[in-house]
Structures are given as C-alpha cells and as structure tokens.
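Take a look at the letters that make up each chain.
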Amino acid sequence: MNQSTPLLDRKNQTEDRRCRIAILSPRERDAQAPQDTRFAKVYEALTARGMHAEPALYHDDLCAEVRSQIMCVDGVLVWFNPDEGGRDRAMLDTMLREVAASGVFVSAHPDVILKLGTKEVLYLPARLAAGAARVLKQYRGSSGEGVWKVELVPGENRVRARHAKRGSGEEEMHLNEFLALCEPYFSGDGRIIDQAYQPRLPEGMVRCYLVHGEVAGFGHQAINALCPAPPGAPRDAFPPTTKRLYHPPSMPEFQSLKFQLEQQWVPAMQKLLEIDDAGLPVLWDCDFLLGPRNGAGQDTYVLCEINVSSVSPFPDSALAPIAEAALARANATKRR
C-alpha cells in the first residue's frame, strides 16, 4: 500500500482549501515520515507559506493509486530519476501527462523534460581523428553512468576511455570494442551526446540552480571523474572525489554567469524550445564548465548539461523560491 496521505475528491474539499502540493518521489528511496526524508526542508518551506504538502510515493505497481491521489491536489513537484531503480519513466510520464491535462500543475512536466534534455547523435571516429578528446554521455542517466572520456591512441585504431562511474579507471581498447560498450545506450529512444573535453575541467564545475528563470543558488565542485590520473599514479587510478559546496545567488564570483544565464541564455532557450515562463520547471539546474579565457582574461563558460528530472540536493537558498513558485502555480490552478 502507498503510505501517502489519502485525499478527498477535489469537489468535496470544503473544509481545507489551502493549496495542496504533492511531492512525488520513489517509494523505495523515500518511504519514511516526511520529516525524515531528503525533502524535509521542502515540506517545511511549503508549510510555512500556508500550503498542505504530502508525499506521493511512486512505483510502477502503484501507478493507478498514485494517480488517484495526485488528481486531487493543486500541484505535484516531481523528483524521479530517468533510470530510477533500473526502470525508465515511461509509465510515470504517461500518468503525469494525464494529471497535468486535468488541470493539476506538474513540475517538471514530462514534455518540458524532453525539450530540455534533447540530445543529438554525432559521429565519433571523425572527431577522434582530429586529435582532441571527447566526452560521450548517454541520453538518460545519473551518477556518471554512461559518461565517458575518449581519446584516440596516436597511430592506432585504439582508444583510451575513462568511465565517470565511481570506481572506474582508464582503459585502453580497440575502437570497435568501445563502440560495442555503447550499444546498450541506444536501446529504445536512447542516444548519445558528444561534447568536446574541456581542459579546465580540473578547476571545477559550476551548477546553477534555477527556479523558473531565476538563479536561486550555486553549487561548485571539482569534477574529477574524467580527469587524468594524478602524476606518478597508474593510468587507471581514479582521482579522489570532492564535496559540492553550496552558495547563495549573491555569490560574487558567479554574478557574470548569473546575468548571462538569466538575461540571455534562458530567454533564448525558451524562444527556441517554445517554453513559456510558467512552463519552466519549478526547480532545475544548468551545469557549466570553464572554457578558454577571452581576450580580456575573463572566464567563459561551456554548458555541460541540464538536469531537470530529479534535482537533489540543492542549496537552502532555493527553498523559499521553490515554495513561492509552487504557491503561485497552485493558486493559478485553483482559479481555473
């Protein structure tokens, strides 16, 4: 049985007309009391703004039951990875589309996830022949699974490949052998994105957390899963991991990036993908790596990826904006 709080039919909810928000997440991971889950502060922030917040613990086997629950709320905030527990989101996304079509706001909407996460297949051998290392990422994944740094061994039809999955090291193999490793990434609607490897990767990645179109905080972390082995260490040595440090949106070092993201890049993306302000996720993030410095010696930034399916953890500075955005969306739902 789902441990979520049962709800009355929306038409009969006359005693309590506070905005009702469901937090949908995996049952296997979050089947505890709300105050004991990773979303404890989210529940507190929503409650502080006068909303009723409750868990909606999802599993494909409970799809119909969870659907009945969230059809009776004003909004659903979704935290569910694209490959959660070895399953994809096909059944969940179909159900969320039905719920959204009924008038309940769903964030992030599955169609918006598809727009923001669209990736193109590019041709690897010709790129490698140019001599530059590439980074390949599977279309859907998390925790470094299916993310590879690949470079050609000079004069040979072999590559050096380093998997970003924790505990992996650098391997050398024939190009065809590596391509065979990538075959599972193309199952179903799978595909791979090809990016240029950024030499300044050891200097870290900046994660910008956004609520709708505004930056609500930053995370800064050394991304070392694809970095070369430390000097003197075996080639297959795996660099030590580091913690992500969180900062408020006022962090001085990132104000140029914040301005460009809010004023230029996000509006341009919205126009290109036809996503209005209300359609932007309540919480999402953009990861940036440091690119070459410009002529004035200033940093440039290269988009690494966009995360929208299940952004967690995130800085405390995002809690109040999340609650405000959820309240605004829920109130708009109630006025329909």
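Fair warning: this is a prediction, and the values are worked out from it, not measured in the lab.

The rules behind each value
Every chain is numbered independently, its residues counted from 1 as its sequence is written. Side-chain atom pairs in this predicted model are given and counted only at pLDDT of 80 or more, local residue features only at pLDDT of at least 70, and totals for whole chains, interfaces and linings cover all residues. Only hydrogens and water are removed before side-chain values are computed, so all heavy atoms of the structure are retained for them. The pairing criterion is simple: DSSP has to find at least two bridges between the two strands. Secondary structure counts use DSSP, requiring at least four H or I residues in a row for a helix and at least two E residues in a row for a strand, with both numbered from the N terminus. Only the stretch in contact is used when fitting a helix axis, every axis being a line fitted to C-alpha atoms; angles between N-to-C directions are given from 0 to 180 degrees. Side-chain atoms within 4.5 Å are what join buried Ala, Val, Leu, Ile, Met, Phe, Trp, Tyr and Cys residues into a set we call a nonpolar core. Relative accessible area decides the class of each residue, using a 1.4 Å probe on protein chains only: under 20% of the type maximum gives buried, over 50% gives exposed, and in between gives partly exposed. In what follows, residue pairs with any heavy atoms lying within 4.5 Å of each other are defined as contacts. Angle categories: roughly parallel below 35 degrees, roughly antiparallel above 145, roughly perpendicular from 65 to 115, and oblique for all the rest. Take the far helix as the reference: if the near one is turned anticlockwise from it by less than a right angle, the crossing is left-handed, and if turned clockwise, right-handed. Only Asp, Glu, Lys and Arg are considered charged in this grouping, and only Ala, Val, Leu, Ile, Met, Phe, Trp, Tyr, Cys and Pro are considered nonpolar; every other residue, Gly among them, is considered polar.

### Things to note about the sheet that holds strand β10 (residues 205-211)
- A sheet is described by the order of its strands in space; here five strands give the open sequence β12-β11-β10-β13-β14, paired in antiparallel fashion. What marks the edges here is a single partner per strand, and that holds for β12 (245-247) and β14 (301-307). Direction aside, the axes of adjacent strands within the sheet are offset by 25° on average.
- Strand direction decides the pairing type here: strand β13 (residues 284-290) and β14, joined by six bridges, are antiparallel. Paired with phenylalanine 288 across the two strands is leucine 303, which belongs to β14.

### Description of the nonpolar core
- Val42, Leu46, Met51, Leu77, Trp79, Phe314 and Ile322 are the most contacted members of the largest nonpolar core, which has 28 residues in total.
- Of all the secondary structure elements, the ones that give two or more residues to this core are β1 (20-26), α2 (40-48), β10 and α9 (319-334).
- Here this core gets seven residues from one element, more than from any other, and that element is α9.
- Once you skip the residues sitting within four places of it in the chain, methionine 51 turns out to touch Arg18, Cys19, Ile21, Leu46, Ala323, Ala326 and Leu327.
- The next biggest cluster of nonpolar side chains, apart from the first, holds 23 residues, and it includes Leu257, Val266, Ile275 and Val308.

### Here we look at the packing of α2 against α9
- Look at α2 against α9: their axes get within 9 Å of each other, and the N-to-C directions meet at 50°. Considering their axes alone, α2 and α9 lie oblique with respect to each other. The element α2 and its partner α9 pack so that their crossing is right-handed. On the side of α2, the interface is formed by Lys41, Val42, Ala45 and Leu46, while α9 contributes Leu319, Ala323 and Ala326.
- Across the contact of α2 with α9, the residue classes tally to six nonpolar, no polar and one charged.

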